[in-house]
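Structural overview
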Number of protein chains: 2
Amino acid sequence: MLLSKACIYGIRASLYMAAMHEQKRQFVPIREVSDSLDLSFHFLTKILQQLTAAKLMESYKGPKGGIALTRKPKEIMLIEIVAAIDGNGLFTECVLGLPGCGHKKACPLHDKWAYTREAIQIMFNSTSLEEMASKGKRMNLRLSDTLSMEDLITSS
Amino acid sequence: MLLSKACIYGIRASLYMAAMHEQKRQFVPIREVSDSLDLSFHFLTKILQQLTAAKLMESYKGPKGGIALTRKPKEIMLIEIVAAIDGNGLFTECVLGLPGCGHKKACPLHDKWAYTREAIQIMFNSTSLEEMASKGKRMNLRLSDTLSMEDLITSS
DNA sequence: ATATTAAAAGACAATTAAGTCTTAAATAGG
DNA sequence: CCTATTTAAGACTTAATTGTCTTTTAATAT
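Residues numbered from 1 in each chain as written. Chains lettered and ligands numbered in written order. Predicted model: local features only at pLDDT ≥ 70, side-chain atom pairs only at ≥ 80, totals over all residues. Heavy atoms only, no water.

**Examining the protein's contact with DNA strand D**
Inspection of the region around DNA strand D gives 23 residues, with Ser40(A), His42(A), Phe43(A), Ile30(B) and Ser59(B) positioned closest. By atom count, sugar and phosphate contribute 64% of the portion of DNA strand D lying within 4 Å of the protein. Backbone polar atom of Lys5(A) to a phosphate oxygen of DNA strand D: 3.1 Å apart, as the coordinates give it. At the level of secondary structure, the elements contributing two or more residues to the surface near DNA strand D comprise α1 (5–22) and α3 (41–53) of chain A together with α3 (41–53) and β1 (57–60) of chain B. (Near = heavy atom within 4 Å. Polar contact = N/O pair within 3.5 Å; in protein donor to acceptor, adjacent residues only side chain to side chain. Helix = DSSP H or I, 4+ residues; strand = E, 2+ residues; numbered from the N terminus.)

In structure tokens, the structure reads:
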């Protein structure tokens, strides 16, 4: 699996927040996000803490509290979310985990992998939350079994 | 992590077998492989059973027994090893694990990911054991802390 | 102040991946 | 036939990931 579940959930939650951003909503309770996306509230909380630690989101306690993106969805790239949760081993490490592989000595797959992993990196690096959210809206993406992006953005 | 450890170990063992093939050795004891590569014998045994189940290797019990590649290293592509151990979810599944994503409804990353995952697939699909082994020999690849490909092929 | 809301922190449980150990089955050689 | 060698099969342990639950801390509103 390319991304951990934690990372995937973090991305989905970020997408939800991007949709909320279009509605000018600021702090959204984690409970609302977890209910909407059908994710474990506590597990999501821990994941979002990683995103706030990485300054991608900020949080506010108490009534009217919740989480919010710190920047506009257009300015947040997917790679930032991936790196915050899964780290950037995917973009730096040897595919074969070979002891000799690295800067100096390359493994037999090194060159091909360097190329491929750059393609992966570019994919995450060139995709913003805004782009995903608008695509999701156009294509009526399902964020959970009961919730679609279109519901989310065109309603309310 | 792109590949599981089991898959990585399976690839390393296959590389070792490719090197043995150049020396016209047929059945090589798993114990020799695990010792040489500094891997757990029993764990490696289970991994190799997956490769024999996939007809990439064959095994022989008893004295003079061991494992052997069923085809020439030139004819065995890396993707076969990956598929035998990790399956081909990497080449078929949605990156975001989104419920709506698939043939009909695509997720916001679908097009980019379809392209990227094809790059990954092509990488594994176009690399043979022979190619890796000869590159490994040229570059004196280390298969473990104490063993290099060059030792392996030029010696004995 | 007090009660309520909501995130933070951390203990705990379940699941999966990774690794170990024991026993059984097959084969070669004496 | 007997023993040594080697894979096969499966139970078991450990570690990492995933997921749940409880308590604490901070903010709001009354």
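**Side note on α3(B)**
Residue and element names in this part refer to chain B. The end-to-end C-alpha separation of α3 is 18 Å, in line with the 18 Å expected for 13 residues at 1.5 Å each. All buried positions along α3 are accounted for by Leu44, Thr45, Ile47, Leu48 and Leu51. The secondary structure elements touched by the buried residues of α3 are α1 (5–22), α2 (30–37), β1, β2 (66–69) and α4 (78–86). Downstream of α3 by one or two residues, Lys55 has phi in the positive range, about 65°. (Expected span 1.5 Å × (residues − 1). Buried < 20%, exposed > 50% of the residue type's maximum accessible area, 1.4 Å probe, protein only. Contact = heavy atoms within 4.5 Å.)

**Some details on the packing of α3(A) against helix α4 (residues 78–86) of chain A**
Residues and elements named next belong to chain A. Running from N to C, α3 and α4 cross one another at 115°; their axes reach a closest spacing of 9 Å. With respect to their mutual orientation, α3 and α4 come out roughly perpendicular. In the packing of α3 onto α4, the handedness of the crossing is right-handed. Of the residues in α4, those touching α3 at Ile47, Gln50 and Leu51 are Ile81, Ala84 and Ile85. Of the residues contributing to the contact of α3 with α4, the split by class is five nonpolar, one polar and no charged. (Axes fitted to C-alpha atoms, helices over the stretch in contact; angles between N-to-C directions. Parallel < 35°, antiparallel > 145°, perpendicular 65-115°, else oblique. Left-handed = near helix turned anticlockwise from the far one by under 90°. Nonpolar A, V, L, I, M, F, W, Y, C, P; charged D, E, K, R; others polar.)

**Observations concerning the relation of the copies chain B and chain A**
For the pair chain B and chain A, the best superposition has an RMSD of 0.1 Å and corresponds to a rotation of 180° with a translation of 0.0 Å parallel to the axis. Taken together, the rotation and translation relating the two chain copies correspond to the operation of a two-fold axis. Taking C-alpha positions as the reference, the residue of chain B nearest the rotation axis is Leu2(B), at 2.6 Å. Interface overlap between copies: 100% of the residues of chain B at the interface are likewise at the interface in chain A, consistent with a symmetric, same-surface contact. (Least-squares fit on C-alpha atoms with pLDDT ≥ 70 in both.)

**What to know about the packing of α1(B) against α4(B)**
Residues and elements named next belong to chain B. Running from amino to carboxyl end, α1 crosses α4 at an angle of 140°, the nearest separation of the two axes being 9 Å. Between α1 and α4, the angle is such that the two are oblique. Taken as a pair, α1 and α4 cross one another with a handedness that is right-handed. In this structure, α1 contributes Ala6, Cys7, Gly10, Ile11 and Ser14 to the contact, and α4 contributes Leu78, Ile81, Val82, Ile85 and Asp86. Taken together, the residues of the contact of α1 with α4 break down into seven nonpolar, two polar and one charged.

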